[in-house]
Amino acid sequence: MAKSRENTLICLLLNVKEAFDHVTLKQLIKILINLINWVKCFLQNRVIDLAFDDERQKSKEIITEISQDSSISLILFLIYIWYLFSKIRAKIENLQSLSYIDDVALYMKRKNIDKNVKTLKNAAKIAFTWAKKNAVQFDDSKSELIHFESHKTTLNQMIILFNNMIIKSKTCVRWLEVWLNRKLNFKVHVQTKIATVTRTLHSLFKLMNSEWELNVKSGKQLYLTCVTSISDYDVKI
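Below: a short report on this structure. Throughout this document, residue positions are counted from 1 along each chain, in the order its sequence is written. A pLDDT threshold of at least 70 governs which residues receive local features in this predicted model, and a stricter bar of 80 or more applies before side-chain atom pairs are shown or counted, although totals over entire chains, interfaces and linings include all residues. Side-chain numbers here rest on the full set of heavy atoms in the structure, without hydrogens or water.

1. Regarding unusual backbone geometry
One non-glycine residue, Ala 135, adopts positive backbone phi at about 60 degrees. Mapped onto the elements, Ala 135 comes out in the loop between helix H4 (113-133) and strand S8 (137-138). Relative accessibility thresholds used throughout: buried, under 20% of the residue-type maximum; exposed, over 50%; partly exposed, between the two (1.4 Å probe, protein chains only). A relative accessible area of 31% places Ala 135 in the partly exposed class. Runs of E in the DSSP output that reach at least two residues are strands. Runs of H or I that reach at least four are helices, and both are numbered from the N terminus.

And the structure:
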């Protein structure tokens, strides 16, 4: 939509550092007033048992916030971080956001690229300020920036965060296992997937010709079991 309106869409990707280790009980109780007893029950009185060679140790109390292994933790973390997005949207007009658990994307679409960059910088400042007050950290090493545009020359405007972290613009980023290039035509994603399945196919051929003597039928079944269908990538087997 932004491209059709001759706008340039800019996107800042942020990753919450050790997301599940930085959710405090106090803040959750404040947010989930109607579920205080349920949340307390989930977060308190937690024990762990260790078993080795049919010998089981005595249960030991553990002190932690929320466990990443629990499906309930995903729900609690989404509730916990929800206020971040509402706070950003309340202060910055027209800024949009997407998130999947600890992967956060903030983006603006306007013709004025410099204003887009400035707006995202302000949004990042709000995000980092909120994170500091709520025991959350963003992983600077995973922060990325990309300009989605159709210009012949690549835009290279960067963002300098208030902690002096410099995020340079990239021509391609990976978000939720999908490779997104600046023209958003998914060519890089397709090429990457083709390379992956091709390597897997070659490894399978070697296995079929090895001492294991895997037959063609079994080889095809193993391939279809282990690899996502590659028919969409125009690869001939």
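Now that the structure has been shown, we can carry on.
2. Side note on the packing of aromatic side chains
Only Phe, Tyr and Trp rings take part, Trp by its six-membered ring, and two of them pair if their centres are within 6.5 Å. Stacked means planes under 30 degrees apart, edge-to-face means over 60, and tilted covers everything else. Applying the stated criterion across every chain yields a total of four aromatic pairs. For the ring pair Tyr 80 and Trp 130, a centre distance of 6.3 Å and an interplane angle of 65 degrees mean the geometry is edge-to-face. Pair noted here: Tyr 80 is in helix H3 (residues 71-91) and Trp 130 is in helix H4, with a separation of 50 residues, a long-range link. For the pair shown, Tyr 80 and Trp 130 are each scored as buried. Geometrically, the ring pair formed by Trp 82 and Tyr 83 is edge-to-face, given 4.9 Å between the ring centres and 90 degrees between the ring planes.

3. Describing the pairing of strand S9 (residues 144-148)
Note on strand geometry: in a regular strand, side chains alternate between the two faces of the sheet. Of all five residues in S9, five are buried; the element is thus mostly enclosed. Judged by which residues are buried, S9 turns out to be covered on both faces: Glu 144, Ile 146 and Phe 148 on one side and Leu 145 and His 147 on the other are all buried. Strands were regarded as paired on the criterion that DSSP finds at least two bridges between them. Relative to S9, strand S1 (residues 8-17) is paired through five bridges, and the arrangement is antiparallel. What sits directly across from Leu 13, in S9, is Glu 144.

Shape is all these values report; function is a separate question.
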